[in-house]
Structure formats: C-alpha cells, structure tokens
Amino acid sequence: MIRLREAALVAMVGLGLGGCTHLGAQPWERDVLARKSMQLNTEPSITGFHEHIYFSKEGAAGGRSFDGGGCGCN
C-alpha cells in the first residue's frame, strides 16, 4: 500500500513538472503575437489621453496605477 502511494506521488509530481516545459512563445508563434490586434495597448495616443483625464480627475500620482483622492477639478 505504501509503495502504491509513493508511486502515485512520483507520478503526480512528474506530471506536474511536465506542465512547466512549455513556457513562452515559440519562434514560429511570434509573428502572430507581434500583430497590432494582439497588443494590449493598440492606440497609445488614446490611452495617454484617457490616463491624463483619469489623473486630472482623481488627483492620483501615476494615473491608473496608484490610488489617491482629489477634488475632481481639471
């Protein structure tokens, strides 16, 4: 019974570590990831405009990435 548990544990650890073998994009996949439609920020000028408005209204240093309060005036 103990050997069966040990074998099951070794098998589970082996399968768990086998799931980490494919990390990151392969060279043949990078052309797809480089497309503009795959970017998180497809329009940097519009994102900058939105961050400026958010920063001005919230009074928070750093735009969206920091908490803070403000008067709401622009």
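Since the model is a prediction, treat every value here as computed from it, not as a measurement.

Draft legend 1. Spotlight on the overall build of the protein. Within the protein one finds 3 helices and 0 strands. Going from the N terminus to the C terminus, the protein shows its helices and strands as α-α-α. Looking at the protein as shown, the accessible area adds up to about 6,600 Å², and 63% of this sits on carbon and sulfur atoms.

Draft legend 2. The arrangement of the pattern of salt bridges in detail. This structure, assessed with the given rule, holds 1 salt bridge. Between lysine 36 and glutamate 43 there is a salt bridge, with its nearest N and O atoms 3.7 Å apart. With a relative accessible area of 51%, lysine 36 lands in the exposed category. By relative accessible area, which is 36% here, glutamate 43 ends up partly exposed.

Draft legend 3. Spatial organisation of helix 1 (residues 2-18). Compared with an ideal rise of 1.5 Å per residue, which puts 17 residues at 24 Å, helix 1 spans 24 Å between its outermost C-alpha atoms and is within 8% of the ideal. Of all 17 residues making up helix 1, only 0 are buried, and the element is barely covered by its neighbours.

Draft legend 4. Layout of a nonpolar patch on the surface. Taken together, the side chains of Leu9, Val13 and Leu17 define a hydrophobic patch exposed on the protein surface, amounting to about 300 Å² of accessible area. For leucine 9, the position within the fold is in helix 1.

Draft legend 5. Inspection of the confidence of the model for the protein at higher detail. The predicted model of the protein averages 75 in pLDDT, with 74% of residues at 70 or higher. Within the protein, helix 3 (residues 44-58) has the poorest average pLDDT of any element, 80, and helix 1 the best, 85.

Rules of the game
- Residues numbered from 1 in each chain as written.
- Predicted model: local features only at pLDDT ≥ 70, side-chain atom pairs only at ≥ 80, totals over all residues.
- Heavy atoms only, no water.
- Helix = DSSP H or I, 4+ residues; strand = E, 2+ residues; numbered from the N terminus.
- Areas by Shrake-Rupley, 256 points an atom, 1.4 Å probe, with all protein chains shown as cover.
- Salt bridge = Lys/Arg side-chain N within 4 Å of Asp/Glu carboxyl O.
- Buried < 20%, exposed > 50% of the residue type's maximum accessible area, 1.4 Å probe, protein only.
- Expected span 1.5 Å × (residues − 1).
- Patch = residues over 30% accessible without salt bridge, like charges linked within 9 Å, V, L, I, M, F, W, Y side chains within 5 Å.
- pLDDT = per-residue confidence, 0-100.

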